[in-house]
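Letter by letter, the chains look like this.
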Amino acid sequence: MSCYSITLLLIIFCNGVSVITMLQGTFGYVEYFPGDPNSRLIIAAPHGGYLKPRSMPDRVAGCWDGSRCVWRHSCGFPDVSRCQANTARDTNTRDLAIRVWENMEQLTGIKPHLIISNLHRVKMDPNRSVNEAAFGVPNAMKAYREYHSFIREAYGRIRGAGLFIDIHGQSHPNRWIELGYLVSTRRLNENNAIPQFSSIRSLYNSLRDYVTFDHLLRGDYSLGRLLNRRGYRAVPSPGIRAPGRAAYFTGGYSTMTYGSRFSGRIDSIQVESPVHLRTDRRRPTYARDLAKVLRDFMALYN
Ligand SMILES: [Zn+2]
């Protein structure tokens, strides 16, 4: 069967002015809800998808060629010890991202940009480079490219400085909210963080005359502090300045790609929420609080 690109446009006419409310990629595998023209915030949910099309083989493991993993279903003998694909779904993060997005608009009157993958991670992982993400499967590669082109579209609509938030979920035993800035556990533990290598390099450069990087990362001006003030434990934050020996995610492919580590004025932060905050009971309140925290943090961008 041949495949057709069926990018869907949902357009509403308000007072004679057309407003694009949603762009959908091929087969609805990815979605983009464009933000308001004055929004500086992009929210993405790469691992909360649920669709498992039978036409796409499962991502299991790549092959080891002696120096690196080859991510192809036809690569030969899969090496599950060295090249196993991570296929765990970040449960309820799709809904969490939508709730944060809705709450942000209610709280600020400004709708952020929202990009969602509806594919289960066992089929495609947007938070990896394209080969590991899609294993060479044409429709998976297409969804991957559409997901990232939607993010780039959102980027193009932001004038000046902004922030990209990648919404994830983890089940580490400490049950902290893990905030990833591309600063390693070792550097956090040793108080040796280097702003130029972080995903918030641009924000730091704009504030450096009166804010230290430590203030911004885990002190008075940090996202972690705002979470602490609303009763949440987060790392890094004034309450938990470094992970110590605990498991901690520093930030993945999208945090690296869409933050300001290498260039630009848009920063990125990976937000890894623990399981207990993603339950049906806790998620609505947590999403509301996370939106308030992001609203307050975004004041640094004005
Ligand atoms: Zn994830």
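As the structure is a computational prediction, the values presented were derived from the model and not from experiment.

Position of R225 among the secondary structure elements: in helix α7 (residues 223–229). Considering only alpha carbons, one finds R225 and Q170, 55 residues apart in sequence, at a separation of 20 Å. Apart from the residues within four sequence positions on either side, R225 is in contact with G219, D220, S237 and P238.

This paragraph deals with the state of the cysteines. Under the counting rule described, the total for this entry stands at 2 disulfides. The disulfide partner of C63 is C75, and the gap between their sulfur atoms is 1.9 Å. Torsion about the S-S bond of the C63 and C75 cystine: about 75°, corresponding to right-handed handedness. Of this pair, C63 sits in strand β5 (residues 63–64) while C75 sits in the loop between β6 (69–70) and α1 (93–108), and the two are 12 residues apart along the sequence. Two residues share a disulfide in this structure: C69 and C83, whose sulfurs sit 2.1 Å from each other. Judged by the torsion about the S-S bond (-90°), the C69/C83 disulfide is left-handed. Highlighted residues: C69 in strand β6 and C83 in the loop between β6 and α1, separated in sequence by 14 residues. On the accessibility criterion, C83 (0% relative accessible area) is buried. If the cysteines joined by disulfides in the chain are listed in sequence order, their pairing comes out as 1-3, 2-4.

As a further point, take the environment of R82. Here R82 is to be found in the loop between β6 and α1. By relative accessible area, R82 is classed as exposed at 52%. Between the C-alpha atom of R82 and that of H47, which follows or precedes it by 35 residues, the distance is 22 Å. Beyond its immediate chain neighbours, meaning those up to four positions away, R82 contacts W64 and C69.

Okay, the side chain of S198 next. Residue placement: S198 occurs in the loop between α4 (185–189) and α5 (201–207). According to the relative accessible area criterion, S198 is buried, its value standing at 0%. Among the polar contacts listed, one links the side chain of S198 to the backbone oxygen of P195, at a separation of 2.9 Å. Looking at S198, its side chain comes within polar contact range of the main-chain nitrogen of I200, at 3.2 Å. Apart from the residues lying within four places of it in its own chain, the contact partners of S198 are Y181, L182, V183, F213, S260 and R261.

The protein atoms that coordinate the zinc ion are H47 (ND1), D90 (OD) and H168 (ND1), at distances spanning 2.0 to 2.2 Å. Positions of the donor residues of the zinc ion, expressed as sequence spacing, correspond to H-x42-D-x77-H. Here H47 is found in the loop between β4 (41–45) and β5, whereas its partner D90 is found in the loop between β6 and α1, with 43 residues between them in sequence. In this pair, the class of H47 matches that of D90, namely buried.

What counts, and where the lines are drawn
Residue numbers restart at each chain and count upward from 1, following the sequence in its written direction. Reporting in this predicted model follows two pLDDT cut-offs: at least 70 for local features of residues, and 80 or more for side-chain atom pairs to be given and counted; totals over whole chains, interfaces and linings ignore these cut-offs and use all residues. Here the side-chain values reflect all heavy atoms present in the structure, with hydrogen atoms and water set aside. In this text, helices come from DSSP runs of H or I with a minimum length of four residues, and strands from runs of E with a minimum of two, each type numbered from the N-terminal end. Between two residues, a contact is recorded if the distance between any of their heavy atoms is within 4.5 Å. Cysteine sulfurs are considered disulfide-paired once they come within 2.5 Å of each other. With a 1.4 Å probe rolled over the protein chains alone, any residue whose accessible area is under 20% of its type maximum counts as buried; one over 50% counts as exposed, and the rest are partly exposed. Polar contact is defined as a pair of N or O atoms within 3.5 Å, subject to the rule that within protein one atom must be able to donate a hydrogen and the other to accept it, and that residues adjacent in sequence are counted only when both atoms are side-chain atoms. With water excluded from the atoms, a metal site may look incomplete; its donors are any N, O or S atoms within 2.8 Å, or within 3.2 Å for Na, K and Ca.

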